[in-house]
Amino acid sequence: MTFTEDLRRENDDIFQAIFNHPFVRGLGEGELQDDAVAHYVKADYEYLNTFMQLYGTAVSQSKKREDIAFFQGQIAFVLGDEIHPHRNLCDYIGVPYEELKGFPMPPTADHYRTHMKSVATEGLLGKTIAAMLPCPWTYQEIGRELKKEFAPETNHPFYEWIEFYANDSITETTDYLLKRLDEEAEAASLEDRQLMKEAFRKSCQLEYAFWEMSYTKEDWPVAEGVLK
Ligand SMILES: Cc1ncc(CO)c(N)n1
């Protein structure tokens, strides 16, 4: 069994919990509360900015051109393509995308950002990838699960969102990161492999928590204006 096959098996509890989360179910069923969707898009716009910064960090930790090319391509992918699922959600709630940008991250999103950045500062590409991987991997599986269960037609309110994450481009992202993490884990010390596992699981936990944050419209105790 490869390192990432192990990871997937050891974290299946969280993957299953994500598939069953009411926000994710709502995407499949085509019905979500508008303010929960707005909360998600506000936080996710900022989250994806952090994610692009992490690709930049990954470039700085890369020794091979193939990796550098991949990571810079992923920045372009987030900038140019991953706006489509957000636009789908904006259309659903009838709010222009522009109005949902620039808000402070709620506590869970902020925690997720800090976790990924702190792992990345350790300087080892394998750890950086381990912390980043749950992002594309869980969404790819969510997309596939929802497509299989709900078989959405083009008139489904979240058709574009589901298609985006069920389709090949996100699979290419995930597959490359899986391959590279397996290689880096193979070459790493036992201790670093353990730290990669911990970084990966915490990101999985925070993926679940991100859905929960959106569903419950989690905010700072004394509001900083996320909901305003
Ligand atoms: C929080 C989060 N995880 C994963 C993805 C998929 O890129 C996303 N857009 N947001």
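Cut-offs and rules
- The residue numbers shown here count from 1 along each chain, following its written sequence.
- Local features are withheld for residues below a pLDDT of 70 in this predicted model, meaning they are given only at 70 or higher, and side-chain atom pairs are given and counted only at 80 or more; totals for whole chains, interfaces and linings count all residues.
- UniProt positions are given in the numbering used here, feature names are shortened, and annotations may be inferred rather than shown by experiment.
- Note on burial: count the other C-beta atoms lying within 10 Å of the residue's C-beta; 20 or more is buried, 12 or fewer is exposed, in between is partly exposed, and C-beta positions come from the backbone.
- Contact between residues is assigned whenever the C-beta positions, reconstructed from backbone atoms, fall within 7 Å.
- The numbering of helices and of strands both runs from the N terminus, where a helix is a DSSP run of H or I of at least 4 residues and a strand a run of E of at least 2.
- Expected helix span is given by 1.5 Å per residue-to-residue step, counting one fewer step than there are residues.
- Should the C-beta atom of a residue, placed from the backbone, lie within 6 Å of a molecule or strand, that residue is near it.
- Each residue is assigned to one class: nonpolar for Ala, Val, Leu, Ile, Met, Phe, Trp, Tyr, Cys and Pro, charged for Asp, Glu, Lys and Arg, and polar for all the others, Gly among them.
- Note that the arc is computed from the directions linking the helix axis to the C-beta atoms.
- Every axis corresponds to a line fitted to the C-alpha atoms, with the helix fit spanning only the stretch in contact, and the corresponding angles, defined between N-to-C directions, vary from 0 to 180 degrees.
- When an angle is under 35 degrees it counts as roughly parallel; over 145 it counts as roughly antiparallel; between 65 and 115 it counts as roughly perpendicular; any other value is oblique.
- By definition, turning the near helix anticlockwise from the far helix through less than a right angle yields a left-handed crossing, and turning it clockwise yields a right-handed one.
- pLDDT: the predictor's confidence for each residue, scored from 0 to 100.

You'll find the protein chain entered in an unreviewed UniProt entry as Aminopyrimidine aminohydrolase, with Salimicrobium halophilum given as the organism. Heading Subunit (unreviewed entry) of the UniProt record for the protein chain holds this comment: "Homotetramer." Taken verbatim from the UniProt record of the protein chain, the Function (unreviewed entry) comment is "Catalyzes an amino-pyrimidine hydrolysis reaction at the C5' of the pyrimidine moiety of thiamine compounds, a reaction that is part of a thiamine salvage pathway. Thus, catalyzes the conversion of 4-amino-5-aminomethyl-2-methylpyrimidine to 4-amino-5-hydroxymethyl-2-methylpyrimidine (HMP)."

This chain's UniProt record puts "active site" (unreviewed entry) on Glu207. The buried category is assigned to Glu207, around which 23 C-beta atoms lie within 10 Å. Not counting the four nearest positions on each side in its chain, Glu207 is found in contact with Ile18, Pro134 and Thr138.

As a further point, take helix α12 (residues 190–215). Along its 26 residues, α12 runs 38 Å from first to last C-alpha, staying within 8% of the 38 Å computed at 1.5 Å per residue. All of the buried residues along α12 are Met196, Ala199, Phe200, Ser203, Cys204, Leu206, Glu207, Tyr208, Phe210, Trp211, Met213 and Ser214. Lys217, located one to two residues past α12, shows a positive phi value of around 55°.

Asp44, Tyr47, Leu48, Cys135, Pro136, Tyr139, Glu207 and Phe210 make up every residue found near the ligand. Those elements giving two or more residues to the shell around the ligand turn out to be α4 (34–60), α9 (134–150) and α12. Across the shell around the ligand, the residue classes tally to 6 nonpolar, no polar and 2 charged.

Considered for burial, the residues of helix α1 (residues 3–10) that qualify are Phe3, Thr4 and Leu7. Down the axis, α1 shows its buried residues gathered within 90° of arc, on one side only. The outward face of α1, more than 90 degrees from its buried face, is lined by the exposed residues Glu5 and Arg9. Where α1 is buried, its residues touch α11 (168–187) and α12.

Checked against the element boundaries, Thr57 lands in helix α4. Take Thr57: there are 19 C-beta atoms within 10 Å of it, and that puts it in the partly exposed class. Residues in contact with Thr57, not counting those within four places in the same chain, are Ala120 and Thr128.

In this model, Ala151 sits at a positive phi of 35°, which is unusual for a non-glycine residue. With respect to the secondary-structure elements, Ala151 resides in the loop between α9 and α10 (159–166). At Lys217, a position not held by glycine, the phi torsion is positive, near 55°. Examined against the element boundaries, Lys217 turns out to sit in the segment after α12.

As a further point, take the packing of α4 against helix α7 (residues 107–120). The interhelical angle for the contact between α4 and α7, taken along N-to-C directions, is 0°, at an axis separation of 10 Å. Relative to α7, the element α4 lies roughly parallel. Across from Ala43, Glu46, Tyr47, Thr50, Leu54 and Thr57 in α4, the residues of α7 making contact are Ala109, Tyr112, Arg113, Met116 and Ala120. Here the residues of the contact of α4 with α7 are counted per class, giving 7 nonpolar, 2 polar and 2 charged.

Quick look at the packing of helix α8 (residues 125–132) against α11 now. Viewed as axis vectors pointing N to C, α8 and α11 meet at an angle of 140°, and their least axial separation amounts to 9 Å. Of the possible angle classes, the one that applies to α8 and α11 is oblique. Judged by the sense of rotation from one axis to the other, the crossing of α8 with α11 is left-handed. Counted together, Leu125, Gly126, Ile129, Ala130 and Met132 of α8 and Leu177, Arg180, Leu181, Glu184 and Ala185 of α11 form the full contact between these two elements.

On to the confidence of the model for the protein chain, then. A low pLDDT means the predicted coordinates there should not be read in detail. Mean pLDDT for the protein chain: 96, with 98% of residues reaching 70 or above. The ipTM value of the predicted complex is 0.98, and its pTM value is 0.96.

What follows concerns the environment of Leu79. With respect to the element layout, Leu79 can be found in helix α5 (residues 65–80). Along the primary structure Leu79 and Glu46 are separated by 33 residues, whereas in three dimensions their C-alpha atoms are 12 Å apart.

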